[in-house]
Amino acid sequence: MKKLVFCLLVLFGTSNTLNAQNFIIADIIVDGYQRISPGIIYNLLPVGIGDEVTAQTPAQIIRELAQSEYFDEIEVSREGDILVVTVLERPSVAEITIEGNSVLETEDIIDNMATANIAEGQIFTRAALEEIQQGIQEVYSSRGRYGASVEIEVEDLPRNRVAISLDINEGEESRIQRINIVGNENFEEDVLLDLFELGTKPWYMFLSRKDRYSREQFSGDLERLESFYLDNGFVEFNIDSTPIAITPNREEVYVTININEGNQFTISNVDLAGDLVNAENLLRAAVFVQPGQIYSQTLVTGTEEIMVQFLGNLGYAFAEATGIPEVNEEGDTVEVTFFIEPGNRTYVNRINFNGNVSTADEVMRREMRQLESAPASSLAIERSKVRLEQLGYFESVEVETEELPGSDDQIDVNYDVVEQNFGNISFSVGSGGGGNFFISTNLQAANFLGTGRTIGIGVNKSRFMKGLNLQYLDPFYTPDGVSRGFNLFAQEIDSPFNVSSFNTTSWGGSLSFSYPLSETQVLGFDLGVTHTELSSGYGSVQEIESSPVLIPGINNYVIERLNANPFDGPIRDAIIGDVSDLTDLQLQRSPDLGFVDKFGDEFNNFTITGNWFRNTLNRGQLANDGSLHQVNIEVTIPGSDLQYARLNYSNQIYWPITQDREWVIGLRTNLGYGIGYGESDELPFFNNFFAGGLIRGGGQLRGYEENSLGPTSTAGARYLTEPGITLARDEAGNILRYKDGTAQINNSYGYQTQPLLDAAGLPILDPAGKEQIQLAVQNFYLDDDYDSFGGNILAVASLELLFPLPFVPDRNRVRSAFFIDAGNVFSSSCTARQSLLKNCSDFDTGELRYAAGLSVTYLSPFGPLTFYAAAPFGGKEGDDTKTFDFTVGTGF
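Residues numbered from 1 in each chain as written. Predicted model: local features only at pLDDT ≥ 70, side-chain atom pairs only at ≥ 80, totals over all residues. Heavy atoms only, no water.

(A) Structural view of the overall build of the protein. Looking only at helices and strands, the protein features 13 helices and 43 strands. Referenced to the eigenvectors of the C-alpha coordinate spread, the extents of the protein come out at roughly 170 × 80 × 65 Å. In the protein, which comprises 892 residues, the proportion classed as buried is 42%. By sequence separation, contacts in the protein at least 24 residues apart represent 61% of the contacts at least 6 residues apart. With an accessible surface of roughly 46,000 Å², the protein has 51% of that area assigned to carbon and sulfur atoms. Side-chain charges of the protein comprise 58 positive and 125 negative groups, with the mean position of each set lying 7 Å from the other. (Helix = DSSP H or I, 4+ residues; strand = E, 2+ residues; numbered from the N terminus. Buried < 20%, exposed > 50% of the residue type's maximum accessible area, 1.4 Å probe, protein only. Contact = heavy atoms within 4.5 Å. Areas by Shrake-Rupley, 256 points an atom, 1.4 Å probe, with all protein chains shown as cover. Lys, Arg positive; Asp, Glu negative; His and termini not counted. Charge placed at Lys NZ, Arg CZ, Asp CG, Glu CD.)

So this is what it looks like as structure tokens:
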């Protein structure tokens, strides 16, 4: 309790009136201060040395010092001509402790107390503390905790200090037992209550907090109720009162909403007023409301927003459009007039960039479609923002405009960006067929030294691949946006996961240019050269190299084996025949030639590739709005050893479901087709399409082993040989024998034979009735199953539902989705043997494979990290499935 004391001491002991005691101040003495410096007190005094003290001066001194709120007591006295001011300082807060709170964070309570100047080290004011107590209880009440209480204790400490203790009893949340709407005549109460977030909780929603009263949520419900009526033509709708009844135990809440619906109004006329800046036709095109419609506030607001946007595109950055309904009570109609206030036409003074630590201003400025000193255009400013987002250099891009001080027709445009990792060291790691893992390392900067150029070196080392790749791309080789790049590579591939056995050694390079056709479309051309050396290896599949093949130097086949043991009968050479006398059927020759048989194993190919893409995605990585369509056509040109062409189309399309783009439907498609032409009647098998797993840039179809889908290869075969078909003889032709009489055998070979059988499995006889024979063949089965050979037709698609993960603050770096994948690889040139074995198919919807599951992608410092869990369905026996996989370095 503030105590103010004024005491005027009369040293002479006389009882003169106050007016008679005026004096000139010779000196001022301040006494009683502890923490507050005397200089502060002197500055607060309304008088100084040499001033005259009158009867009103002591009251003025007390009033000025009291307003500072530093003191509990103030005493003014006189010692001769010396003015003496004695003070008793208010205590300081030494400690604040808070207990019992869980709904409100301690830090938040401390921060709110500090705004009322109650903090450790500050001067203690009891009145402010009482306001804080009431404020905390008010916050709890707004959250439906009407039983909350706050007990405050203040403990005096030595050296004029206090300790403050808050003991909070948060109480229980009050539960809504009933919401009554009174005055509704046109809509059922259940229809209106469905608009509310609050309400009584159904028995089956046992985890719901729908019945927990919150003042903030209740205000939002009332706004939705009002919007509902205004959108249905009830222009004069009003909420009269919202009394809330609380039971004595403060645990149950009963809410009543008294409303006045009024009449439903129809629009009779729509007009424009104000300064239309010669854009009346454009503004009328933005009008969503028409005569004869039921009045809708949402349509009026939407019209206002579109009008402001149109005017902004014309340079009126601060334009306003306001739709005013004029009610006609007699006919229940309303005239809507949109008042246009364009303000001054606005020009852009400066475009500023903030947050680009690594990226040069020039790289960002060349993406600007809004120019400095030009009229401000909302469309151009927003388009510039989208182009910055599409670069993939920034985690987020925000833009705001601000008026130039002292000017009413100029603005500055400020782009604030948050950079993300766009290069440095990245690597890819994943799992392949049979549990094998792969690792590839890439040193790449997509924004090298902030210049916007891409420079990279890729080093790949795994069980199936060794390679080196050099890459350079300048996206603005010319100021008009023509890009130029080149790529050099050398690699050795040894049968990727689940792919038929073959080896390729290749080197080459390409030069690329691209030309912008519009803001969203680019046309590009690549010129490339590739030298390829093919090695089919031991036991090559028959699609690569036809088999079996006669072994050089072995020209005979065994009809009857030799006998070198005299105890088994007469010693004799094997009865043999000449393989040249056998038919193709008896030789079991493949009806199809392999790729190497037809074209050889070394090729120099020159290609020209045309590519077109249209990109309206809102972000360079993890987009959630817009689309990307891309078409590539690769054709070999004259002078190439092989003649082929490949056409590929891919897309990404995103349709936001919610306005915040957290729930999104996504569609990805990848279609491919390849052909051979001229002297080449097929697409080179090492350029085939593959599908299954997380194929980077190919036919991604989760739920299946990588590269495992589509046509499979036919195992290679070899003839079985039999050693020792002739006996060893001396120069005279005599048989050489061992001591036991057994004949010695020459190091000679012949092909083994077996009966030639018909389709029923019965021996085929010659005209003389003798069983015919064929050469015995053995297939190579290097693996437990057939490996994929790929095909010249690719068709895969994925439908996704993107959703936000809970407890993830940075949604721009994480993507989670439910997905359904479908697709396969097909071949339009299946060989006769593949058709016989039914391991190859032309395009057939019955051969499509499907999988459904959940995927999560995170933009880690090492590149996109992707996990998925999938359940394949619609497959066939023998499919190689995989329910879980991950990869680092590529995403969806």
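(B) Main features of the pattern of salt bridges. Under the counting rule described, the total for this entry stands at 33 salt bridges. For D221, the salt bridge is made with R224, and the minimal N-O distance between the two is 2.5 Å. Note that D221 and R224 are positioned in helix α6 (residues 215-231) at a spacing of three residues, about one turn of the helix. Taking the relative accessible area as the measure of exposure, D221 reaches 0% and is therefore buried. The closest approach of N and O atoms between R702 and E800, which form a salt bridge, is 3.2 Å. Taken as a pair, R702 in the loop between β32 (664-676) and β33 (717-719) and E800 in strand β39 (residues 793-803) lie far apart in primary sequence, 98 residues in all. R702 gets classed as buried once you look at its relative accessible area, which sits at 0%. Look at the salt bridges and you will find they share partners, linking E367, R369, R383, R387 and E519 into a network. (Salt bridge = Lys/Arg side-chain N within 4 Å of Asp/Glu carboxyl O.)

(C) Seen up close, the sheet that holds strand β18 (residues 394-403). In space, the three strands of this open sheet follow the order β17-β19-β18, with mixed pairing throughout. Each edge of the open sheet carries a strand with a single partner, namely β17 (347-354) and β18. Strand-to-strand twist of the sheet, defined as the mean angle between neighbouring strand axes without regard to direction, takes the value 15°. Pairing geometry for β17 and strand β19 (residues 410-419), over seven bridges, is parallel. (Pairing = 2+ DSSP bridges. Axes fitted to C-alpha atoms, helices over the stretch in contact; angles between N-to-C directions.)

(D) Layout of α6. For α6, which comprises 17 residues, the first-to-last C-alpha distance of 24 Å matches the rise-based estimate of 24 Å (1.5 Å per residue) to within 8%. Looking at α6, one finds that the buried residues are F218, G220, D221, L222, L225, F228, Y229 and L230. Taken together, the buried residues of α6 touch α5 (189-193), β11 (238-241), β12 (244-246), β13 (252-260) and α8 (297-313). Just past α6, the residue G233 takes up positive phi, approximately 90°. (Expected span 1.5 Å × (residues − 1).)

(E) Molecular detail of the packing of aromatic side chains. The tally for this structure, following the rule as stated, stands at 27 aromatic pairs. A centroid spacing of 5.4 Å and a plane angle of 75° characterise the contact between F685 and F686, whose relative ring orientation is edge-to-face. By relative accessible area, F685 is classed as buried at 2%. Aromatic rings pair up to connect F595, F599, F603, F685, F686 and F789 into one cluster. (Phe/Tyr/Trp six-rings, centres within 6.5 Å; stacked < 30°, edge-to-face > 60°.)

(F) Highlighting the pairing of β32. Both strand β31 (residues 644-656) and β32 contribute to a ladder of 13 bridges, which runs antiparallel. When the bridges of β32 are listed, S650 appears paired with N670. The pairing of β32 with β39 spans 10 bridges and is classified as antiparallel. What sits directly across from T669, in β39, is A797.

(G) Just the state of the cysteines, in detail. One pass over the structure, following the stated rule, counts one disulfide. One disulfide bridge connects C830 with C840, the sulfur atoms lying 1.9 Å from each other. Here the disulfide of C830 and C840 is left-handed, its torsion about the S-S bond being about -75°. Here C840 lies in the loop between α13 (832-837) and β41 (849-860) and C830 lies in the loop between β40 (814-826) and α13, a separation of 10 residues in the sequence. A relative accessible area of 25% places C830 in the partly exposed class. On the basis of relative accessible area, C840 is assigned to the buried category, the value being 14%. (Disulfide = S-S within 2.5 Å.)

(H) Layout of the environment of S788. Examined against the element boundaries, S788 turns out to sit in the loop between β38 (777-779) and β39. Given a relative accessible area of 2%, S788 falls into the buried group. Residues S788 and L83, 705 residues apart in the sequence, show an inter-C-alpha distance of 105 Å. Within the structure, the side chain of S788 is placed 3.3 Å from the backbone nitrogen of G790, a separation counted as a polar contact. (Polar contact = N/O pair within 3.5 Å; in protein donor to acceptor, adjacent residues only side chain to side chain.)

(I) Structural view of the sheet that holds strand β7 (residues 92-99). Pairing is mixed across the open sheet formed by three strands, whose spatial order is β7-β9-β8. On the outer flanks of this sheet lie β7 and β8 (149-157), each paired with one strand and no other. Between one strand and the next, the sheet's axes are offset by a mean angle of 15°, whatever the strand orientation. Here seven bridges tie β7 to strand β9 (residues 161-169), and the two strands are oriented parallel to one another. Looking across to β9, one finds that E95 is bridged to A163.

(J) Looking closely at the nonpolar core. Judged by nonpolar contacts, the single largest core of 23 residues is most densely connected at M307 and F338. If sequence neighbours within four positions are ignored, F338 has contacts with V270, D271, L272, A273, V287, V289, V300, T303, E304, M307, T322 and G323. Counting 21 residues, the second largest nonpolar core, distinct from the first, contains L193, Y229, I257 and I259. (Core = buried A, V, L, I, M, F, W, Y, C linked by side-chain atoms within 4.5 Å.)

(K) View of unusual backbone geometry. With an omega dihedral of 5°, the bond running from S547 to P548 counts as a cis peptide bond. Counting through the fold element by element, P548 comes out in the loop between β26 (521-535) and β27 (556-560). For D332, which is not glycine, the phi dihedral falls at a positive 50°. Note that D332 resides in the loop between β15 (320-328) and β16 (333-341). Assessed through its relative accessible area of 26%, D332 is described here as partly exposed. Even without a glycine there, the phi angle at Q588 is positive, about 55°.

(L) Up close: a negative patch on the surface. On the surface, a cluster of negative charge is made up of E95, E99, E120, E151, E153, E155, D156 and D167. Among the elements of the structure, β7 and β8 are those that each provide at least two residues to the negative patch. No other element matches β8, which puts four residues into the negative patch. Inspection of the secondary structure puts D156 in strand β8. Judged by its relative accessible area of 64%, D156 is exposed. (Patch = residues over 30% accessible without salt bridge, like charges linked within 9 Å, V, L, I, M, F, W, Y side chains within 5 Å.)

Shape descriptors only; they carry no functional weight alone.
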